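# Coordinates in review
Residue-level listing of the chains:
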2 protein chains.
Amino acid sequence: MTDTDTSPKGRRRSGGRAANTARRGITAVEQQPWRLPVNQDRPIEPLSPEGVERVHNATMQILEEIGIEFLNPKAITYLKNAGCTVRGENVRMDREFVTEMVAKAPSRFTVTPRNPERQLTLGAGHLLFGNVSSPPNYWDLEIGRKVPGTREHFRNLLKLTQYFNCIHFCGGYPVEPVDIHPRVRHLDAMFDKLTLCDKTMHVYSLGKERVEDGMEMVRIAGGLSHEEFDATPRMYTNINSTSPLKHDHPMLDGWMRMAQRGQGLVVTPFTLAGAMAPVTMAGAVVQSLAEALAAVVLAQVINPGVPCMIGTFTSNVDMKTGAPAFGTPEYMRATQMTGQMARYYGLPLRSSGVCASNVPDGQAMWETEHSLWAAVQSGTDMVYHAAGWLEGGLIASPEKFIMDCEVLGQIQRYMEPEICDVSDAALAVETIRDVGPNGHFFGVQHTQDRYETAFHQPFLSDWKNFEAWEAAGAMWTPERAHGIYKRILDEFEAPALDPAVHEELTAFVARRKEEGGAPTDF
Amino acid sequence: MTDTDTSPKGRRRSGGRAANTARRGITAVEQQPWRLPVNQDRPIEPLSPEGVERVHNATMQILEEIGIEFLNPKAITYLKNAGCTVRGENVRMDREFVTEMVAKAPSRFTVTPRNPERQLTLGAGHLLFGNVSSPPNYWDLEIGRKVPGTREHFRNLLKLTQYFNCIHFCGGYPVEPVDIHPRVRHLDAMFDKLTLCDKTMHVYSLGKERVEDGMEMVRIAGGLSHEEFDATPRMYTNINSTSPLKHDHPMLDGWMRMAQRGQGLVVTPFTLAGAMAPVTMAGAVVQSLAEALAAVVLAQVINPGVPCMIGTFTSNVDMKTGAPAFGTPEYMRATQMTGQMARYYGLPLRSSGVCASNVPDGQAMWETEHSLWAAVQSGTDMVYHAAGWLEGGLIASPEKFIMDCEVLGQIQRYMEPEICDVSDAALAVETIRDVGPNGHFFGVQHTQDRYETAFHQPFLSDWKNFEAWEAAGAMWTPERAHGIYKRILDEFEAPALDPAVHEELTAFVARRKEEGGAPTDF
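The structure displayed is predicted, hence computed values, not measured ones. (Residues numbered from 1 in each chain as written. Chains lettered and ligands numbered in written order. Predicted model: local features only at pLDDT ≥ 70, side-chain atom pairs only at ≥ 80, totals over all residues. Heavy atoms only, no water.)

## Here's the deal with the packing of aromatic side chains
One pass over the structure, following the stated rule, counts 32 aromatic pairs over all chains. Where A:Y344 meets A:Y345, the ring centres are 5.1 Å apart and the plane angle is 85 degrees; that geometry is what we call edge-to-face. Residue A:Y345 is classed as buried on the basis of its relative accessible area of 12%. Ring plane angle 80 degrees and centroid distance 6.0 Å describe the contact between B:Y236 and B:Y384, whose orientation is recorded as edge-to-face. Of this pair, B:Y236 sits in strand β11 (residues 235-239) while B:Y384 is found in strand β18 (residues 382-387), placing the two residues 148 residues apart along the sequence. Assigned by exposure class, B:Y236 and B:Y384 land together as buried. Taken together, the aromatic side chains of A:Y163, A:F164, A:F401 and A:F459 make up a single cluster linked through ring pairs. When the ring centre of A:W34 is taken as reference, the NZ or CZ atom of A:R118 above it lies at 4.6 Å. Of note, B:R333 hangs over the ring of A:Y414, and the distance from its end group to the ring centre comes to 3.6 Å. (Phe/Tyr/Trp six-rings, centres within 6.5 Å; stacked < 30°, edge-to-face > 60°. Buried < 20%, exposed > 50% of the residue type's maximum accessible area, 1.4 Å probe, protein only. Helix = DSSP H or I, 4+ residues; strand = E, 2+ residues; numbered from the N terminus. Lys NZ or Arg CZ within 6 Å of the ring centre and 35° of its normal.)

Quick look at the structure:
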């Protein structure tokens, strides 16, 4: 809620029914307040100090001796001018230069979206979560089959992104709205994102128009001058290398545009061990690091000090079929190893919440759990796809989104140091003495003083016994999640937005549509 | 398979169809070989060194000032003679004495079941898993509702316990066979356990006859003299305190009988925070430690050096309903804190694989995952209930058993240090050079040399894309698990057992039934 929110519509939205229902405690989900949870755990480090040096050395060998292809003449020019060895599209750079450039990237930075209360800090020990991004398809229990994503699905999943306090940023499209023409899709999609959500925004690096329009719309939504926009990160992009050893033209174009304007930059190689990377996990990690650091170097050449993060998407394939696998033991260790190396390079880390399962069942949850605990264990700063992902990223599902948010809430609670309070009051020896061997703790003052906040209260877990659960409809987890999804849509109210800003965004979209939007020939 | 297995029946069972099908690779489950996995991860330690001292001090305060009730005159006599302060059933003991006694318990010990190849080592950094134990009820997809456990269910779940190499020991009854009369149930049940399974056995501490009969049957099954049985642990018991601050008569009776004969001893207080223990997790941990250490002291007084483990079952309740909750964030931290204290006392740790869910769905898996990762993070040695548990332990389910075994296999794989190999061959710089920016890694020699063993191959996860998964029947995880369950039952062959031993066990059961079995009046 902002002071600029003076329209009746804005007022009702921000301070009216939602606030009242929240006060009455009849919202769809009783959730924890918005906050940036701090990871309390020392990272798991499978590499010895010598192992870290070996991984670093192999990474530098790739950059020095093998090189990375930059399929973008402008990027080549930047790197050539900075002293790199260029042969055609192949760029090699020596380790002293890489180290010098990577050191320019800050180890900590903020991103400030249109609602400054949603500001993120990356690299500060927070573990931040974003929605599933980019699936072309949608699945829910009601439809019961895989269907192409629509703008309605897209908007519904955006509402979940905004609704849940455990979702800290708005990633790529939570489902691709394929019923909008690709020329103008980015305009309608960003309009929906900025009007339904006030959290940090991602923009796809898919050509000049999409990137420039995305930046402009985020600037307008924030009520910012161009100078204010450029002064500090207001949004971010994520690019993927074309493994092995390549960065493609449009991704590099977006990367450079965002670098020039000082926005957040995340580079995430898609290094599937045994397919686009070596079958050995260390080899896949090394290749991923080389591809990522090459992009970081480019950004630092363009705009020294621009915030960069490295992402890991290293996983393995099913060697019988070539199908990608997610949340595997190998995925977990690769994430941890990459986390060690991110700390070595002083860069924040992005990882993901992922699974291969096609429906929100047991497999979906054990694979997702493995990827989320790998995020905790690796010291990850930013978790993409943390809610709603199915089928290796080809399906977005609202039931999975709701289920994941229950788990994210539990992980956030896990990170509260109060659980492990060892004050005299928490050790409770006097209470144990008072209760003695024949009493119980339900009614005592020590419990009464704490029972409302002592434990995480899940919104989706059903703790009833079998008979009570059966009497209540015998609903399995996805059915309960579906009901919650529907209730959230019913009660959803968009975050406040200055009507003048709303109008300016509308006009911008209309004008850019008239101009033809973005070319679709790549 | 043993050399004593000379009967046609024994031969067929041990060397016949099972071995052939295994060779042909058409078993229900392609699983990893039997081994004792070594936990590679440094434990997560939420307590500071000062916090450890504060928890220890509070635990000692309870033992010194408040005392524990031992509802067993024989136990009282032992403790009184050892110098404890006894008032009625209340026993207090000072910290020097506790420290001295606890130090007598070995930090590492073996348990050797009838098949010595199944020997366990506790306290050596292994993470060992056992089947669900003691649910009175059974649920499977075919029955589709909760039903009282039968001997058939019991035997079927025992077959899973034996079948899976990731199940290292046979806990309590995987479901209570309530169709067997309680007087003789322990005889039939132990007979089934020892003939269907060759892994380490548990016996319930529920009265003299059950404990003595259990020890005798394990002795017979191992072909051991009484001296051989007493010389080293061959089995174990687990007792639960009657929290708060009490140990009951039959549990203590079994504890003392097993202590006298040098068998494995596990004491696991059931300290639900907010119910039988303080609402604060540190308070619940402190109470649990005091109750556990009191039992350890008793065992060391009776037989100095007898192997003892402390268990943790500290969790929280739903403060709205009083229902127990499992796999919660609070449960995870309590397990980690107890792990720190177990290491402080030099005792191996038992924890559990647990959930509150009533069916094998998403909630079941995220709760179970949380408890299993808490086991990894806490340095747990022995994980009870690691496969098959539902409804807070009131239901055993074969589908859940199969699903859990998939997860346990993945955790075992996670603990293989080879994943993080950073040899030159694993770093694979030359392979990356050879493949270059336009190749792929599927066909290269580096991949060919490793693809069969590079990655964990799940037996239950379905990595097909949606369309292929749909074409194959669109089966959710529990349905696939049910099919695997049935195939395992079809192909199950009991482990080899000397026919003379089989006969001796049969005769023992017959004789003890004639004698009336065990009294049922407690």
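## Topic: the pattern of salt bridges
Tallying each qualifying case throughout the model produces 54 salt bridges over all chains. Taken together, the shared-partner salt bridges in this structure form one network comprising A:R151, A:R155, A:D188, A:D192 and A:K513. (Salt bridge = Lys/Arg side-chain N within 4 Å of Asp/Glu carboxyl O.)

## Observations regarding the relation of the copies chain A and chain B
With an axial shift of 0.0 Å and an RMSD of 0.0 Å, the rotation relating chain A to chain B amounts to 180 degrees. The operation mapping one copy onto its partner corresponds to a two-fold rotation axis. It is A:G362 whose C-alpha, among those of chain A, lies nearest the rotation axis, at 2.3 Å. Most of the interface of chain A is mirrored in chain B, where 100% of its interface residues again form contacts. (Least-squares fit on C-alpha atoms with pLDDT ≥ 70 in both. Contact = heavy atoms within 4.5 Å.)

## Overview of the interface of chain A and chain B
Chain A puts 117 residues into the contact, and the matching count from chain B is 117 residues. Counting each side, the surface lost to burial between chain A and chain B is near 9,900 Å², with a carbon and sulfur contribution of 66%. Taken together, the links from chain A to chain B amount to ten salt bridges. The interface formed by chain A and chain B includes 48 residue pairs in polar contact (both at pLDDT 80 or more). Residue contributions to the side of chain A that touches chain B peak at nine residues, all from helix α13 (residues 362-378) of chain A. A breakdown of the residues in the side of chain A that touches chain B according to their chemical character gives 59 nonpolar, 30 polar and 28 charged. (Buried area = accessible area lost by both parts, 1.4 Å probe. Polar contact = N/O pair within 3.5 Å; in protein donor to acceptor, adjacent residues only side chain to side chain. Nonpolar A, V, L, I, M, F, W, Y, C, P; charged D, E, K, R; others polar.)

## Quick notes on the side chain of A:S243
Residue and element names in this part refer to chain A. Tracing the backbone through its elements, the reader meets S243 in the loop between β11 (235-239) and β12 (246-247). Side chain to side chain, S243 and E291 meet in a polar contact 2.7 Å long. Other than its neighbours up to four places away in sequence, S243 contacts P269, F270, T271, M276, Q287 and E291.

## Observations concerning the sheet that holds strand β3 (residues 90-92) of chain B
All names here are of chain B. A sheet is described by the order of its strands in space; here four strands give the open sequence β2-β3-β1-β12, paired in mixed fashion. Every other strand in the sheet has two partners, leaving β2 (85-87) and β12 (246-247) as the edge strands with one partner each. Of the strands in this sheet, β1 (68-70) and β3 are in contact with helix α3 (residues 49-66), which crosses β3 at around 125 degrees. Across the sheet, helix α11 (residues 281-302) is in contact with β1 and β12; its angle to β1 comes to roughly 45 degrees. (Pairing = 2+ DSSP bridges. Axes fitted to C-alpha atoms, helices over the stretch in contact; angles between N-to-C directions.)

## Some words on the sheet that holds strand β3 (residues 90-92) of chain A
All names here are of chain A. Read from one edge of the open sheet, four strands run β2-β3-β1-β12, paired in mixed fashion. Of all strands in the sheet, those bounded by a partner on one side alone are β2 (85-87) and β12. Looking at chain direction, strand β1 (residues 68-70) and β3 are connected through two bridges and run antiparallel. Bridge assignment links E69 to a residue of β3, and that residue is N90. Lying on the sheet, helix α3 (residues 49-66) is in contact with β1 and β3; it crosses β3 at an angle near 125 degrees.

## Some remarks on the environment of A:C84
Residue and element names in this part refer to chain A. Topologically, C84 is positioned in the loop between α4 (73-81) and β2. In the structure, C84 is positioned 20 residues away from E64 in sequence and 9.5 Å away in space, judged by C-alpha atoms. With near-sequence residues (within four places) excluded, C84 lies in contact with L79, V91, R92, M93 and F97.

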